Amino acid sequence: MSFEKKRLDITDRVTGRFSEGQMNLFFEKEQIGTMSFGQNGNQVSLKNGYEEENHSFFQDADVLSKQDEKYVDCDEENGWC
C-alpha cells in the first residue's frame, strides 16, 4: 500500500459563517480559515494544507495510490498464483 500527495477540489464542501466582521470558513466541521472583506478586495487566510485559487478551495491530501503490488490476479478467481 502506498500513498501519494493529491490536490483535492473541496469547493462544494466548504461552508462559511459570519462572525465579528469576517467569514469563518469550514470544511467538514473543522475551521480551515477566514475571509475578510475590505476596500482592497477579499482577503483569504487558510490553514496549512489548504489553498484558494480562482475562487476555488483545495486540500492537499495523502491518498491511496495503488493496491498491494504483491497480489496478482492471474487465475481469474481472485487468488494467488
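Residues numbered from 1 in each chain as written. Predicted model: local features only at pLDDT ≥ 70, side-chain atom pairs only at ≥ 80, totals over all residues. Heavy atoms only, no water.

*Asks:* Which parts of the structure should I look at to understand the overall build of the protein?
*Replies:* Broken down by element type, the protein carries zero helices and seven strands. Mapped from its N terminus to its C terminus, the protein presents α and β elements in the order β-β-β-β-β-β-β. Here the protein holds 81 residues, and the buried ones make up 22% of them. Relative to all contacts within the protein whose residues are 6 or more apart in sequence, the contacts with residues 24 or more apart total 36%. Only carbon and sulfur atoms are counted for the fraction: they give 44% of the accessible area of the protein, which is about 6700 Å². (Helix = DSSP H or I, 4+ residues; strand = E, 2+ residues; numbered from the N terminus. Buried < 20%, exposed > 50% of the residue type's maximum accessible area, 1.4 Å probe, protein only. Contact = heavy atoms within 4.5 Å. Areas by Shrake-Rupley, 256 points an atom, 1.4 Å probe, with all protein chains shown as cover.)

*Asks:* Looking at this structure, I do not really get the confidence of the model for the protein. What am I missing?
*Replies:* Detailed conclusions should not be drawn from predicted coordinates in areas where pLDDT is low. Looking at the protein as a whole, its pLDDT mean stands at 85, while 79% of the residues score no less than 70. Across the protein, the secondary-structure element scoring lowest on mean pLDDT is strand 7 (residues 56-66), at 87, and the one scoring highest is strand 3 (residues 22-27), at 96. (pLDDT = per-residue confidence, 0-100.)

*Asks:* Any chance you could explain the packing of aromatic side chains here in plain terms?
*Replies:* The geometry of two aromatic rings is summed up by the distance between their centres and the angle between their planes. Scanning all chains against the criterion turns up two aromatic pairs. Between the aromatic rings of F27 and Y50, the centroid separation amounts to 6.3 Å while the plane-to-plane angle is 65°, which identifies the pairing as edge-to-face. A residue pair is termed long-range when its members are at least 10 positions apart, and F27 in strand 3 and Y50 in strand 6 (residues 50-53) qualify at 23 residues. Sitting above the plane of the F58 ring, R7 keeps its charged end 3.9 Å from the centroid. Just above the ring of F26 sits the side chain of R17; from NZ or CZ to the centre is 4.2 Å. (Phe/Tyr/Trp six-rings, centres within 6.5 Å; stacked < 30°, edge-to-face > 60°. Lys NZ or Arg CZ within 6 Å of the ring centre and 35° of its normal.)

*Asks:* Would you mind showing me how to read the sheet that holds strand 5 (residues 41-46) here?
*Replies:* Sheet strands line up and pair through hydrogen bonds in the backbone, either parallel or antiparallel. Read across the sheet, four strands follow the order 2-3-4-5 without closing on themselves; strand pairing throughout is antiparallel. One side of each edge strand has no neighbouring strand; the edge strands of this open sheet are strand 2 (14-19) and strand 5. Each strand of the sheet is rotated relative to its neighbour by a mean of 25°, with strand direction disregarded. Bridge analysis of strand 2 against strand 3 gives six bridges, and the strand direction is antiparallel. Looking at strand 3, one finds that V14 is bridged to F27. (Pairing = 2+ DSSP bridges. Axes fitted to C-alpha atoms, helices over the stretch in contact; angles between N-to-C directions.)

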